[in-house]
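Structural overview
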Amino acid sequence: MLMPKRTKYRKQMRGNRRGKAIRGSQLSFGDYGLKAMEPAWISNTQIEAARVAINRKIRRGGKMWIRIFPDKPITKKPAETRMGKGKGAPEGWVAVIKPGRILFELEGIETELARAALLLGAAKLPLKTKIVTRDAFASRL
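Residues numbered from 1 in each chain as written. Predicted model: local features only at pLDDT ≥ 70, side-chain atom pairs only at ≥ 80, totals over all residues. Heavy atoms only, no water.

1. Describing a positive patch on the surface
Taken together, the side chains of R10, K11, R14, R17, K77, R82, K85 and K87 make up a positively charged region of the molecular surface. Its place among the elements puts K77 in the loop between β4 (72-76) and β5 (89-97). (Patch = residues over 30% accessible without salt bridge, like charges linked within 9 Å, V, L, I, M, F, W, Y side chains within 5 Å. Areas by Shrake-Rupley, 256 points an atom, 1.4 Å probe, with all protein chains shown as cover. Salt bridge = Lys/Arg side-chain N within 4 Å of Asp/Glu carboxyl O. Lys, Arg positive; Asp, Glu negative; His and termini not counted. Charge placed at Lys NZ, Arg CZ, Asp CG, Glu CD. Helix = DSSP H or I, 4+ residues; strand = E, 2+ residues; numbered from the N terminus.)

2. What about the sheet that holds β5?
Read across the open sheet, the 3 strands follow the order β2-β5-β4; overall the sheet is antiparallel. At either margin of the open sheet sits one strand with a lone partner, and together these are β2 (40-43) and β4. The mean inter-strand angle of the sheet, taken between neighbouring strand axes irrespective of direction, is 50°. Alignment of β4 against β5, held across 5 bridges, turns out to be antiparallel. (Pairing = 2+ DSSP bridges. Axes fitted to C-alpha atoms, helices over the stretch in contact; angles between N-to-C directions.)

3. Digging into the environment of K5
Its location among the elements puts K5 in the segment before β1 (32-36). Between the C-alpha atoms of K5 and D71, which are 66 residues apart in sequence, the distance is 9.7 Å.

4. Section: the sheet that holds strand β7 (residues 129-133)
Spatially, the 4 strands line up as an open sheet ordered β3-β6-β1-β7, and their pairing is antiparallel. At either end of the open sheet lies a strand with only one pairing partner, and these are β3 (63-66) and β7. Pairs of neighbouring strands in the sheet enclose a mean axial angle of 20°, with direction left out of account. Across 4 bridges, the pairing between β1 and strand β6 (residues 102-107) is antiparallel. Note that in β6 the partner of L34 across the bridge is F104. Those strands touched by helix α1 (residues 44-58) are β3 and β6, and its axis lies near 20° from that of β6. Against the sheet, helix α2 (residues 111-123) touches β1, β6 and β7, its axis set at about 30° to β1. (Contact = heavy atoms within 4.5 Å.)

Laid out in structure tokens, this is it:
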């Protein structure tokens, strides 16, 4: 699973999900990408499930980049615990996703196969996504 090797602090504040992605909103490495269309927290297990689904579909053809990393710790209090007595213990890690962020990129495979693989990966994620291509970015410039 993806998680940081070490962090400065064990617990983090929740933050907000407003705004659009400024960094990581363009294809940088591959020809096809999966772009987030709404804000969300994506856990390390969800990222791993999407990665496995995409890799199974492309069957060692081409190359894949994961453009997100779960570096935010999420805490949880035990079940049936009364209110108060501080914040819960860290449970897992999430990546903060804002609209416009590129999640995965693919290169070196045909368009139909890339589209099918990214659709399988998108089914594992808890947000609406869109498939983008390199030529779509080039036509806007």
